[in-house]
Structure formats: structure tokens, C-alpha cells
Protein chains: 2
Amino acid sequence: MPGRDSTDAVNEPAGPAPQLALLVEGGDRKGLLHDMTAAILLHDGDVHSVEILERGERSAIFWELDQVGDPDALIAALEGLDVVTTVRRLPSMFQIYGKRVIVVGAGAQVGQVAIGAVGEADRHNIRGEKISVETIPIVGEENLAAAVRAVARLPRAACLVLAGALMGGTVTEAVDEVRARGILVVSLNMAGSVPDHADLVVTDPIQAGVMAVMAVAATARFDVERVRGRRF
Amino acid sequence: MPGRDSTDAVNEPAGPAPQLALLVEGGDRKGLLHDMTAAILLHDGDVHSVEILERGERSAIFWELDQVGDPDALIAALEGLDVVTTVRRLPSMFQIYGKRVIVVGAGAQVGQVAIGAVGEADRHNIRGEKISVETIPIVGEENLAAAVRAVARLPRAACLVLAGALMGGTVTEAVDEVRARGILVVSLNMAGSVPDHADLVVTDPIQAGVMAVMAVAATARFDVERVRGRRF
């Protein structure tokens, strides 16, 4: 397994909170997103994330931005676009939902991992962390590999837990890709080659959920580097 | 409670899968997103969603597009941008993760709702549905209200489950906002005004998770209209 710095693995995918989060609402038309990016560029903004919430008759676009020179001037410029009616400052998604732990696999095991992860996330969130736990129960190697690969496309993803009885082949290739993106991978102790490619292998699903959350929580004393490659 | 068509409530937030999903990778620089929107606009594309996966030294941007006249010509135009190295067609996030059921509240109850929802999602996903279950254990009225409000900003969100012992005040206002966006709201039977504003109130947390998934699954025979406002 490639060596990697645990601090990077934990902090990079989730990243720091952006400077400015804006919800821009109004009518919709083609080219609206292009015109908004022009305004952002003109005000020196770097786009951290963008979410299109409504489109068609009405539009609602949520921007997370960095390096904006004059936020009020940018807000005025966005308000000046023909179809825009309101621009509001909001908390960023990172501030609200924080780091994401994603559990993929079969329903029975996914549910138990969720119990462990949610309970542990609750304990850390009470102390000021923000960790959310997401699950997708799924069947079939192809679907599984696609879901694992897509974890790298989820914003704020910090850890992936694989919860099943048999995973290998293209799922293992997808695990390598996700790890290369700096996302921590925890696997249940199962048949197939996936456990050999995970950062951590845990037999009990509740314990796997707890350890996954501990590994990404800044409020936990748990250093993945010290247990990487071990089986519990 | 305002009347609403159940079909809208279930299908609109998740919406149909987009025509084309592209992962564009390469170097990064200011104005890159603006130049990509220019290419998309030139090829008549309507942006369904956009996700910025990497930024800084390298860039990776995931586009979901509709109405693109000539996808190959658009891909060539994106490949023609100075810092872009590769453009790949991928399955859309909707095809992979599908509709989202989001559970917000206290750790103990959130975990039990997740058990019910994940087990039920597994049964439907086996039959061709795609439903994922997400949770954020959270404390404090302000944090809770922000998390509830932000559900309307999550792509593919179809149902919100509120899992706690006491919720009201600004959380209830946020529930009304989320419902106005067409997202179904299920509440546990709890103290506070939230249950009075939910589409459905369920006492047992496992049952609440199961019903939430049934309500959004196209493969389930469960019509929310027939039980709206009831307590189970």
C-alpha cells in the first residue's frame, strides 16, 4: 500500500471552510451561470463549490467562494444581473454538514456500521466537530464499483467504509482510486481482495463505524498512521 | 398544512437523470470555470449540476448537462482549453446515488432511523431503485435549524426525517421552508411544534426510517397523500 501522510488524508478532502457563501435566486435563462462566473472572476473570486438548487422557471444557485476582494461589490454585481431577484449570505455547507463518512455495501452490514458511526459522530459533534454519515445500500460489482469511485466526486468526503461479505475485482480498483484521492478507506473483514487494499480492516460493523469516525474527527485521539494495515 | 401533490413531492427534488456527465481534469487557474461555462453555452448546454472536486494545483470538475447539441464537439472544445488534459464521460450522480433520504437529530434516534431506512432502501435498491440514506447527528436549535434549512440545498434530496425528543421554534420554521421546496418531512413523535408541521409523524424510529424510504421509492406501494398528517 502506498505510504501517505495521515494529516493529509484526514484534512485535505474535507478542506477548510470557504470565505463567502451566497444564495442567488431569481428567474432562469441560458447563460446565467456563465454570467455569474464572469461577475465572480471580475471580483477576483475563486469558486470553492457551486450547487444548482433550482433551474427551469426559477433559478437558485448556491456559491461558495474564496479570495473575493469586495464581497459587497460582488453581491451588488450579482443583484445587477437581469433575472436575479435576491442574493443572500448563508453559512457554508462545510460549516453545517462538515466532513462526510460514506458507508457503501449490503443493507444488513451498512445499517450496523451506521449505528456505530452515527453514535460516535454524535459524541464528537457535541464537542464542536461536524461529521455526517451517509449510506448507500447497493448490490452488484458494477454498481458497487461505481458508487465507490463516485465517493471521490462527493464534496467534503473524508472516509469510505465498505460493508459487505464479498468485494473484489473492479471494486478493489475503485478502492485504490479513492485512496489515491486522499480518502481514508475502512473495510469490514470480508472475502475478496478489498480488505487487502484498505487502510484499516475491522471485523465488527459497529466498531468499524466508530473507528471510521474517530479517524476523521479532529476531536479524537486516534492516529490512523499508527494502525494502518492492521485488522481488528 | 398546505396541500401538495404527492407525485411532485416525490419526483421533483430528485428529478430525471441528466443527458451527459463529464469529468474535466487538468491544471487549475482563475477563470477556468468561466471558460468552461462559455464552451457549454456555445454548445447549447444547460447546466444540471457542477461539482468542483479538485482545485489549486490541479483541477477536476464534474459537469452534468442537458440539451447539448453535439456532445463530441463540446468534449473537443473543453479539451481545447489551455490547462485541460482529459475529459471523460461518466455516469451521473443520480444514476449512482439516486434519491437522498436525510436524517437529522440526536445520535441515539438517528442511528435507529438509519437502521430502518437502510434496510428498506436495500430491499428497493435490489429491485432497481437507487436510494441513499444520510445522517447528521447534531445538537442545539440553531445548528438543527441550519441543517434542516440546508437540506433544500442538497441535490437529489427527496425526504427529511427529524429524529429527536424536542424540536420547535426556528427548527419548525425551517421545516416549513423545506416542505415548500417539495421535500417530504417525516418527524418522530416528540415534544415541540415540529410534529404538527411534518407530512407524517411516526413513533418508532425504525418504522420512521422504513416509511420515509417507502414514501420516496417508486418501487413501493405507499401513497403519502393517503396518510398525510397522520400519526403512527
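Scroll up for the structure.
Residues numbered from 1 in each chain as written. Chains lettered and ligands numbered in written order. Predicted model: local features only at pLDDT ≥ 70, side-chain atom pairs only at ≥ 80, totals over all residues. Heavy atoms only, no water.

### Thoughts on unusual backbone geometry
And then number 1: The backbone of Gln67 of chain A shows a phi angle near 60°, a positive value even though the residue is not glycine.
And then number 2: Here Gln67 of chain A shows up in the loop between strand 3 (58-66) and helix 3 (71-79).
And then number 3: Despite not being glycine, Asp44 of chain B has its phi angle at roughly 70°, a positive value.
And then number 4: With respect to the helices and strands, Asp44 of chain B occurs in the loop between helix 2 (32-42) and strand 2 (46-54).
And then number 5: The exposure class assigned to Asp44 of chain B is partly exposed, which follows from its relative accessible area of 44%. (Helix = DSSP H or I, 4+ residues; strand = E, 2+ residues; numbered from the N terminus. Buried < 20%, exposed > 50% of the residue type's maximum accessible area, 1.4 Å probe, protein only.)

### Notes on helix 2 (residues 32-42) of chain A
And then number 1: Leu32, Leu33, His34, Met36, Thr37, Ala39 and Ile40 of chain A are the residues of helix 2 of chain A that are buried.
And then number 2: Count one or two residues on from helix 2 of chain A and you reach Asp44 of chain A, which has phi positive near 70°.

### Some words on the packing of helix 2 of chain A against helix 3 of chain A
All names here are of chain A.
And then number 1: Viewed as axis vectors pointing N to C, helix 2 and helix 3 meet at an angle of 155°, and their least axial separation amounts to 10 Å. Relative to helix 3, the element helix 2 lies roughly antiparallel. Viewed along their axes, helix 2 and helix 3 form a crossing whose handedness is right-handed. Taken together, the residues of helix 3 that come into contact with helix 2 (itself represented by Met36, Ala39 and Ile40) are Leu74, Ala77 and Leu78.
And then number 2: For the contact of helix 2 with helix 3, a count of residues per class yields 6 nonpolar, no polar and no charged. (Axes fitted to C-alpha atoms, helices over the stretch in contact; angles between N-to-C directions. Parallel < 35°, antiparallel > 145°, perpendicular 65-115°, else oblique. Left-handed = near helix turned anticlockwise from the far one by under 90°. Contact = heavy atoms within 4.5 Å. Nonpolar A, V, L, I, M, F, W, Y, C, P; charged D, E, K, R; others polar.)

### Observations regarding the interface of chain A and chain B
One frequent convention defines the size of an interface as the accessible area lost when the parts assemble.
And then number 1: On the side of chain B, 65 residues touch chain A, which itself brings 65 residues to the contact.
And then number 2: One can count 10 salt bridges joining chain A with chain B.
And then number 3: With a shortest N-O distance of 3.1 Å, Glu25 of chain B and Arg181 of chain A are connected by a salt bridge.
And then number 4: For the pair chain A and chain B, the interface holds 26 residue pairs in polar contact (both at pLDDT 80 or more).
And then number 5: Elements with a minimum of two residues in the side of chain A that touches chain B: helix 2, strand 2 (46-54), strand 3, helix 4 (93-97), strand 5 (99-105), helix 5 (107-126), strand 6 (131-137) and helix 6 (141-151) of chain A.
And then number 6: Along the lines of polarity and charge, the residues of the side of chain A that touches chain B split into 36 nonpolar, 15 polar and 14 charged.
And then number 7: Bridge count for strand 6 of chain A against strand 6 (residues 131-137) of chain B is 3 bridges, and the pairing is antiparallel. Residue Thr135 of chain A lies in a different strand from strand 6 of chain B, and its bridge partner there is Val133 of chain B. (Salt bridge = Lys/Arg side-chain N within 4 Å of Asp/Glu carboxyl O. Polar contact = N/O pair within 3.5 Å; in protein donor to acceptor, adjacent residues only side chain to side chain. Pairing = 2+ DSSP bridges.)

### Some words on the side chain of Asp122 of chain B
And then number 1: You can see Asp122 of chain B is positioned in helix 5 (residues 107-126).
And then number 2: Non-local contacts of Asp122 of chain B, meaning those with residues more than four positions away in its chain, are made with Ala106, Gly107, Pro137 and Ile138 of chain A.

### Quick look at the layout of surface pockets
And then number 1: By volume, the second largest pocket is sized at about 370 Å³.
And then number 2: Looking at the second largest pocket, it is lined by 20 residues, and the ones nearest its centre are Ala146, Arg149, Ala150 and Arg153 of chain A together with Leu90 of chain B.
And then number 3: Of all the secondary-structure elements, those providing two or more residues to the lining of the second largest pocket are helix 6 and helix 7 (170-180) of chain A together with strand 1 (20-27) and helix 4 (93-97) of chain B.
And then number 4: Split by residue class, the lining of the second largest pocket holds 10 nonpolar, 2 polar and 8 charged. (1 Å grid on protein atoms, 1.4 Å probe; cavity = no way out; pocket = protein on both sides within 12 Å on 5 of 7 lines; lining within 4 Å. Points joined across faces, edges and corners; volume = space filled by probe spheres on them.)

### Thoughts on the sheet that holds strand 3 of chain A
Residue and element names in this part refer to chain A.
And then number 1: Read across the sheet, 4 strands follow the order 2-3-1-4 without closing on themselves; strand pairing throughout is antiparallel. Because the sheet does not close on itself, it has two edges, and the strands there are strand 2 and strand 4 (84-89). On average, adjacent strands in this sheet sit at an angle of 20° to one another, irrespective of strand direction.
And then number 2: Note that strand 1 (residues 20-27) and strand 4 share 5 bridges and pair antiparallel. Counted as the bridge partner of Gly26 is Val84 from strand 4.
And then number 3: Packing of helix 3 onto the sheet brings it into contact with strand 1, strand 3 and strand 4, and relative to strand 4 it is tilted by some 155°.

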